[in-house]
Each structure stands twice: as structure tokens, then as C-alpha cells.
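These are the residues of each chain, in order.
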Amino acid sequence: MLSVSVKDLDLKYLDIHVLKKLNLDIKEGEFLVLLGSSGCGKSTLLNCIAGLLDISAGQIWINGRNVTWEEPKDRGIGMVFQSYALYPQMSVEKNLSFGLRVAGIAKKQISERVQRTAEILQIEPLLKRKPAELSGGQRQRVAIGRALVRDVDVFLFDEPLSNLDAKLRADLRIEIKRLHQKLKNTMIYVTHDQVEALTLADRIAIMKNGMIQQLSTPHEIYHKPVNLFVAGFIGSPTMNFVPGVLEGANLNVNGRDIDISRYSFLEPEGKSRAVTFGIRPENIVIGEAAESMPVKLTTRVDIVEPMGSESVVWTEIFGKPFSIKTQFEDELFETEEIQIGFDPIKAHCFDKQSEMRI
Amino acid sequence: MGSKPQTSLLKRSMGLDNPWGPRPIKTSPARMGVYGFLIVAALFFCIPLYVMVITSLKGMPEIRLGELFALPNDPTVAAWLKAWAEACTGVQCNGIKEGFWNSIKITVPSVMVSIVIGSINGYALSFWRSRGANLIFGLLLFGAFVPFQVVIFPLIIFTREMGMYGTLPGIVFIHTAFGMPIMTLLFRNYFSSLPEELFKAARVDGAGFWQIFFQIMMPMAIPITIVAVILQTTGIWNDFLLGLIFAGRENLPMTVQLNNIVTTTFGVREYNVNMAATILTALVPLVVYLASGKYFVRGIAAGAVKG
């Protein structure tokens, strides 16, 4: 059953077309992440689903009900904001119960629900405190609690972890995942952090310029990006790209022929055409391992960035800066000559014109 | 590198060589000059107040000596008592106390009503951005720049037609109307500086226009409300012209009464009584400033920076 369904959604601010004929179906209990750089419309889309922004055209359905004209409170949603948005003058307990009190629910039931929520999130000792007396992580936990206490079917998260430091972010990320496993609610989560997206999501919707570029599982998005934008957006360091000319299974880059017949083409190989060829830094190997690879090259190390468990090696191939992620145990030195290699089965090919995967 | 400072503690603490620890506080000539200027300026602005206070404590014979800056030989509060209860404001001789109570009657409701309406305006304009909100705000601001002398005559006709001319509700209405632009601006700018997500969260929680206003926004707006109280209290208390024109004979505010005492033309000019009456009139704004100067500066800054 569909939990949230967005149909032909359009949003215009004056002359700016923020969302363009957007369609999105989210299954019950699904964890969907809206991922994109700032200004791509992901937060706007979430606000539209919440009913906090008026849309220009289209429909929004939640739990089989057309809620396009409904107030936020009647949509059966709970929302968590980046800045926590806790009411500063109220204690944690009052923050949690505000929505219930406004709805005129009986006192006994309110305290029961607040208690249960506090137990789930382990914030019982904080109930009497004011938001100013809480740490960032505790505040965000209370903000999640405020959505939880409303007993709704759909949770909306608007970059909830962006204001936290790196360690807390990782901790709370796992907690949100655990919460989802426990509650099995539908969750829509907006972020610009690809690690958050890849770790949390059942499916990711990558957005750009108010349009969804690809809607798929994290695995699919990482391994089979549908276009050049998605390929460049996911992965760190970003995928290496070189322009070339494809003829059959022969790729010509800067006058050098590479046989990529092991690459799985989406469409039958046609006549010669300009392409952008991409390979992820982690799919290139160095040293002896390169010997057994179908494609082998020699190059010189420019810069080495050691990151503990792995190193990123920067070099130049076909006149383009190339990054290589390696777990190469031996230390590498600048200007050292190295042998590299990769398997085209792990490469990506995009049409130069349409930028679509081929 | 790593070697301990070799210099003596004395030399070190004077920062003569090899600086170590906190930088010593230096008083440069420029700084001395600044402080000197500030002290002189402060003294200069205190002179009138000083003259007023000591004159009010003198008797008339002593004043006639013309020693303006001399301390009173025989301090007395007789002039104060007279100014408060007996001085003549025209035909009646009941002192300035009537004006004091009139001013209270005018100021308290005017301050309250203008702040209530201004805060609702500001809240509605910053969070519930309806179509034409900017136009309304622009018109309100335009009102702030129209010199009020220009609209006095139309307002007299308006209040007369409404049956409010020369009454307490009339003058309260006038003060509320003139306070509206600045109150709205103050609250709008303050509310605009609050995170919008707070408002969104309250809407998701199901709170309506008034619930968000009273339960979320106003408790957060206490600092700016204090500023508004200060601005309006001093402004309305110090008003002369509007009170004279619109309040009616029964409700003339303290400022008008003071003018009547000072400009009374018969008998001896009692400088000590005039001084005491003036200080009494200025006392309320003075106390408000002194008691809340911190909020005053903070609020003006908070209201001015964002917008």
C-alpha cells in the first residue's frame, strides 16, 4: 500500500520554478531519503508534503487520502527540523505535549504518551529541563520525540543531523535507523550528506533543479547511476571522468584505444559516438593487483592523502586529474611511478550529449 | 625552543623582553584622551540638571541673589510641595498632581493598546505572509514618516465625527494610531529574526493563529515588549501637542499643565516651583530610562539590525 504519493507536483515562486511536475510514490514503512545539493528543492518538497508551503499544481496523497488542501496537523505527519525548533520557554515535557494539549486530548492520556515517548528515546531524566539546558544531541532527540508523541504514520525529517558534530551525527544516525526498524513508520528524510543517505535509506531520490534524477536503492544508485549528475554526486572522492569516442566496444581516449567489451551496455553498441567515461577511485587498483586487470596504465603519483584505513592517490591520466582510493599497505611517495589497472565491468559510460547512461 | 624564560620575574611581568603570559594592560595617551573627553561631556550635560535640582531646593530670596551654581544655604522642599499640590495652572491652583494622574490615565491604556495591536501586526506580517502583506507593511512604514502636524486637522474632524474629540478614549486612540508604525516595525523585525522552523513546528503540532501567538511567540518576545513599553511610555508621557489638542480640558496631560505653570503671567515668577514641577514631570521617563537602559539599547539594536 502507498503511504505517501506526490502527483504532478509543481511549485513556482514568482518566476522561479522550484519543483517541476514531480511524481513520487512511497510505500508504507519505507525509509526514503531525498538527497541533493542546496537549492535542489528537496526541503521544499518536504515542506509541500507537510503542508507548510502552498503548491502551484498537483496533488499530495497520504494514506490513501487526498490531503492537498489539508492543514499540516490534519495530514497525519510529524516533522523534525534542522534547528530542532523546540519551544524555548517550555520544558521538555511541555514541548512534547504541546501538540496533544492543543488537540484537547485528556490529561491522563497525554502523560501516558509523553512517558512512553520519553522511554523510547531515553530522555526521561530530561523531562523537567528547558531546551537551553540540553546538549545538541539531546535537543534533537526531544525534537524527534515531539514527532513521535503524535502517533502519526509518516515522519518527515528536514536535515535533522546537520547541526550536530561528526561523532554525534554518526550516533544519532544509527539511532534513527533503529527507531525505524522498531516503529516501522514511513519516513521521509532530507539530507545533503550522501553517507547519511546511503546508510539510512531503503530508497534514495536524488534531486537536481526541482526534478528527481534517480529514485532507487542505495546499491543501485551507487553501482548503476542513470546519468552523469548522479554518478558525480554519489561517491567520495567523486568519480573520475574522461571524454572519449566509443566505437563498438572500443573506447578511444586521447588517441589511445581501450577495450571495454566487459562493460555491460544498456543498449546495443551502435555507431561511433562521443561519450564520457567514468570510473570510481575505489575501483582502480595499484601495483601487482593491476597486473591481472583488463586495462593497465602507468602513471606518476602527484599527491598522496593518507586517511588511516586507506589512502587517496592523486595522479594524472589522459591529461585529467585522477583520484585512486587504495588500501595499498606500502607507503607511496610523490613522483613515484606506479602501475594502475581497472576492470571495465565496474566502469560507467554516459552519452556526451544526453549525459544518460548507455 | 623549549628553554625556560631566563629573565627575572620582575622584568618578565613588565614585559620588557621575552613576552610571557597575558599581555600587560597599557594606558595610552589616546585612551586617556577619550576618557577625558567622555567625562567632560558627561559633566557638561549634567550641569542643567544640577542647576534645576539646587534651584528647586532654594527659597525665592536666595534665588534672587543670582548665584546660579551655589548650593542652597537652607535647603527646603517647600517648592516641591507647592509644585505638586498648590501651583496655579491657569485659573485653578491644584498643582501639577492633576496633570500627573491625567498623564497616567492617558499613558497606561495607550501603551497597552498600541503594544497589543503592534505585536499582533508584527506577528501576522512576519509569519502569516498573506498576499499584500508587504504592501500593508509599506503603507504602515509610510505612516511613520508623515509629520504628524500635517494630519492633525483631519484627525480633529475624524474624532469629532466619531464623538471622541476631547475625551480620554479619543486621545488613547490618537496615541495608538501614531504608535502603530513603529510598534509594528519593532515587532515585525523581532519576529523575523526568530527561526521560521519554530513557527512551522507549531503549525505541524496543530496550533492556530492565536495559539501560536500567545503560547509560542509572545513568551519569546518579552525583551522586545520591554523595549516597546519603554519607547511608548516615554513618547506618550513627553507628548505635548496631541494631548493639548485631543485630550480635552478635563484630561490635559502633565506636560500641558507644566507649561501652564511655567508661563503663568501674574504674580512673582517662582523659579524654584517651576524647577520642581519640571523635574516632577520628567521623572517618569527618567526612571524608565535608568531602570531599563540595558533593555533599551539591546532592543533598539535587535530591532534595527534585521529587517
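About the criteria used
- Residues numbered from 1 in each chain as written.
- Chains lettered and ligands numbered in written order.
- Predicted model: local features only at pLDDT ≥ 70, side-chain atom pairs only at ≥ 80, totals over all residues.
- Heavy atoms only, no water.
- Disulfide = S-S within 2.5 Å.
- Buried < 20%, exposed > 50% of the residue type's maximum accessible area, 1.4 Å probe, protein only.
- Helix = DSSP H or I, 4+ residues; strand = E, 2+ residues; numbered from the N terminus.
- Contact = heavy atoms within 4.5 Å.
- Pairing = 2+ DSSP bridges.
- Axes fitted to C-alpha atoms, helices over the stretch in contact; angles between N-to-C directions.
- Domains from an automatic or database assignment.
- Buried area = accessible area lost by both parts, 1.4 Å probe.
- Salt bridge = Lys/Arg side-chain N within 4 Å of Asp/Glu carboxyl O.
- Polar contact = N/O pair within 3.5 Å; in protein donor to acceptor, adjacent residues only side chain to side chain.
- Nonpolar A, V, L, I, M, F, W, Y, C, P; charged D, E, K, R; others polar.

**Points about the state of the cysteines**
Taken as a whole and judged by the stated rule, the model has one disulfide over all chains. Put simply, cysteine 88 of chain B and cysteine 93 of chain B are joined by a disulfide, and their sulfur atoms are 1.7 Å apart. Linking cysteine 88 of chain B and cysteine 93 of chain B, the disulfide has an S-S dihedral of approximately 95 degrees and is accordingly described as right-handed. Distance from the sulfur of cysteine 40 of chain A, which forms no disulfide, to the nearest cysteine sulfur (cysteine 48 of chain A) is 13 Å. Judged by its relative accessible area of 4%, cysteine 40 of chain A is buried. On the basis of relative accessibility, which here comes to 1%, the residue cysteine 48 of chain A falls in the buried class.

**Re helix H9 (residues 196-204) of chain B**
Given 3.6 residues to a turn, an α-helix orients residues that are three or four positions apart in the same direction. Counting buried positions over the nine residues of H9 of chain B gives eight, a clear majority of the element. At its buried positions, H9 of chain B is contacted by helix H1 (42-50), strand S6 (77-80), helix H4 (136-148) and strand S7 (154-158) of chain A together with helix H5 (97-127) and helix H10 (209-220) of chain B. Downstream of H9 of chain B by a residue or two, glycine 206 of chain B has a phi angle that is positive, lying close to 95 degrees.

**Focus: the sheet that holds strand S12 (residues 250-253) of chain A**
Where strands meet in a sheet, backbone hydrogen bonds hold them as pairs that are either parallel or antiparallel. Residue and element names in this part refer to chain A. One open sheet holds the five strands; their spatial order is S13-S12-S11-S14-S20, and the pairing between them is antiparallel. Strand pairing shows two members of the sheet lacking a second neighbour, strand S13 (256-259) and strand S20 (348-351), which therefore form its edges. Across the sheet, the mean angle from the axis of one strand to that of its neighbour is 40 degrees, orientation sign disregarded. Pairing of S12 with S13 involves four bridges; the strand directions are antiparallel. Each bridged residue has a counterpart across the sheet, and for valine 253 the counterpart in S13 is arginine 256.

**Topic: the sheet that holds strand S18 (residues 320-326) of chain A**
Residues and elements named next belong to chain A. Pairing within the open sheet is antiparallel, and its five strands lie in the order S15-S19-S16-S17-S18. Taken across any chain shown, the strands that pair with only one partner, and hence form the sheet edges, are strand S15 (284-286) and S18. Looking at each pair of strands side by side, their axes are set apart by 45 degrees on average, direction ignored. Judged from the seven bridges that link them, strand S17 (residues 311-317) and S18 form a sheet pairing that is antiparallel. Bridged to serine 311 within S18 is threonine 326.

**Considerations on the domain arrangement of chain A**
Residue and element names in this part refer to chain A. In terms of domain boundaries, chain A breaks down into domain 1 (2-232) and domain 2 (233-351). For domain 1 versus domain 2, the separation of C-alpha centres amounts to 38 Å. The interface is formed by 18 residues belonging to domain 1 together with 13 residues belonging to domain 2. Counting each side, the surface lost to burial between domain 1 and domain 2 is near 1300 Å², with a carbon and sulfur contribution of 64%. Applying the counting rule to domain 1 against domain 2 returns zero salt bridges. Our count for the domain 1 to domain 2 interface comes out at seven residue pairs in polar contact (both at pLDDT 80 or more). Looking at which element gives the most residues to the side of domain 1 that touches domain 2, the answer is helix H8 (residues 228-233), with five residues. Of the residues belonging to the side of domain 1 that touches domain 2, the class tally is 11 nonpolar, six polar and one charged.

**Remarks on the interface of chain A and chain B**
Contact residues are listed per partner, giving 25 residues for chain A and 15 residues for chain B. Carbon and sulfur atoms supply 60% of the area buried between chain A and chain B, which totals about 1800 Å² over both sides. Here chain A and chain B share one salt bridge between them. With a shortest N-O distance of 3.2 Å, arginine 203 of chain B and glutamate 71 of chain A are connected by a salt bridge. Taken together, the links from chain A to chain B amount to nine residue pairs in polar contact (both at pLDDT 80 or more). Considered class by class, the residues forming the side of chain A that touches chain B number 13 nonpolar, seven polar and five charged.

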